[in-house]
Amino acid sequence: LHFALALWSVILGAFLCSVYDIFRLFRLNKRQNNVVLFINDISFCLIATLCFMLLFFNLSHGRMGAYAFVLAVVGFLIWRFTVSYVVMNVMQRLFDFVSKCLNSAKMRVCKALALLSRRIYTRFYCRRSISAVYKLALKRKEDNNGKETDTQ
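None of the values given here were measured: they were computed from a predicted structure.

Caption draft 1: Structural context of the overall build of the protein. Regarding its fold elements, the protein presents four helices and zero strands. Seen in sequence order, the protein has helices and strands lined up from the N terminus as α-α-α-α. Whereas a compact globule of 152 residues would reach a radius of gyration of roughly 15 Å, the protein reaches 36 Å, over 25% beyond that. Referenced to the eigenvectors of the C-alpha coordinate spread, the extents of the protein come out at roughly 125 × 25 × 20 Å. Out of the 152 residues in the protein, the part that is buried amounts to 19%. Side-chain charges of the protein comprise 21 positive and 7 negative groups, with the mean position of each set lying 15 Å from the other.

Right, here's the structure in full:
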């Protein structure tokens, strides 16, 4: 029974580190809301507490041995410095790549929208200017026709 508790404690530590890695993915975004981070931390603590309660209740009839906690920490650290290190490096690079691509796409869309708005503005401004010039030309023509009729 002690061997099973020890083995499951190491496995639980590795499992908890993998869960913590999932929560760490939320921290890759530098502009994270503190409330969301707080909720993530509380959620991890509740998950860890629940897992330890289930482990001790099922394998040691509710008696908590210090060695089980120590072995869970060992399992956590083994996972953290082996698999977690690789996974988080890959995820950080992937996050940076996706972020860079999204920023590039956002810049292209913003430039396209700016160009479109300039073209729309120019078209309406030119149309307004041309119609104003046309009205002015008609008014002058009418004024010139009126003066010609007055002088005749």
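Caption draft 2: Broad picture of the state of the cysteines. Counting across every chain of the model gives zero disulfides. With no disulfide of its own, cysteine 17 has cysteine 51 as its nearest cysteine by sulfur position, at a separation of 13 Å. The exposure class assigned to cysteine 17 is buried, which follows from its relative accessible area of 0%. With no disulfide of its own, cysteine 51 lies 12 Å from the sulfur of cysteine 45, the closest cysteine sulfur.

Caption draft 3: Up close: the packing of aromatic side chains. Evaluation of the coordinates by the stated rule reveals six aromatic pairs. Plain terms: the ring middles of phenylalanine 23 and phenylalanine 44 are 6.4 Å apart, the flat faces sit at 75° to each other, and that makes the pair edge-to-face. One end of the pair, phenylalanine 23, is in helix α1 (residues 2–26); the other, phenylalanine 44, is in helix α2 (residues 34–59), and 21 residues separate them in sequence. By relative accessible area, which is 15% here, phenylalanine 23 ends up buried. On the basis of relative accessibility, which here comes to 16%, the residue phenylalanine 44 falls in the buried class. The structure contains a cluster of three or more aromatic residues connected by ring pairs, namely Tyr20, Phe23, Phe44 and Phe76.

Caption draft 4: Quick look at the pattern of salt bridges. Enumeration according to the criterion identifies one salt bridge in this entry. Note that arginine 24 is salt-bridged to aspartate 21, the shortest N-O span being 3.2 Å. Residue arginine 24 and its partner aspartate 21 are located together in helix α1, separated by three residues, close to a single helical turn. Pair check on accessibility: arginine 24 and aspartate 21 agree, each one buried.

Caption draft 5: Spatial organisation of the packing of α2 against helix α3 (residues 66–81). Between α2 and α3, whose axes approach to 12 Å, the crossing angle comes to 130°. Our classification of the angle between α2 and α3 gives oblique. Along this stretch, α2 crosses α3, giving a crossing that reads as right-handed. Along its contact with α2, which presents Phe44, Phe52 and Phe56, the element α3 presents Ala68, Phe69, Ala72 and Phe76. Taken together, the residues that form the contact of α2 with α3 break down as seven nonpolar, no polar and no charged.

Caption draft 6: Structural context of α2. Its 26 residues give α2 an end-to-end C-alpha distance of 37 Å, which sits within 8% of 38 Å, the value for a rise of 1.5 Å per residue. Among the residues making up α2, those that are buried are Leu37, Asn40, Phe44, Ala48, Cys51, Phe52, Leu55, Phe56 and Leu59. In this structure, the buried side of α2 is in contact with α1 and α3. Taking the backbone nitrogen of valine 35 as reference, a side-chain oxygen 3.3 Å away marks asparagine 33 as the first, capping residue of α2. Where α2 terminates, the next one or two residues include histidine 61, which has phi positive at roughly 55°.

Basis of the calculations
- Residues numbered from 1 in each chain as written.
- Predicted model: local features only at pLDDT ≥ 70, side-chain atom pairs only at ≥ 80, totals over all residues.
- Heavy atoms only, no water.
- Helix = DSSP H or I, 4+ residues; strand = E, 2+ residues; numbered from the N terminus.
- Rg over C-alpha atoms; globule rule 2.2 N^0.38 Å.
- Buried < 20%, exposed > 50% of the residue type's maximum accessible area, 1.4 Å probe, protein only.
- Lys, Arg positive; Asp, Glu negative; His and termini not counted.
- Charge placed at Lys NZ, Arg CZ, Asp CG, Glu CD.
- Disulfide = S-S within 2.5 Å.
- Phe/Tyr/Trp six-rings, centres within 6.5 Å; stacked < 30°, edge-to-face > 60°.
- Salt bridge = Lys/Arg side-chain N within 4 Å of Asp/Glu carboxyl O.
- Axes fitted to C-alpha atoms, helices over the stretch in contact; angles between N-to-C directions.
- Parallel < 35°, antiparallel > 145°, perpendicular 65-115°, else oblique.
- Left-handed = near helix turned anticlockwise from the far one by under 90°.
- Contact = heavy atoms within 4.5 Å.
- Nonpolar A, V, L, I, M, F, W, Y, C, P; charged D, E, K, R; others polar.
- Expected span 1.5 Å × (residues − 1).
- Polar contact = N/O pair within 3.5 Å; in protein donor to acceptor, adjacent residues only side chain to side chain.

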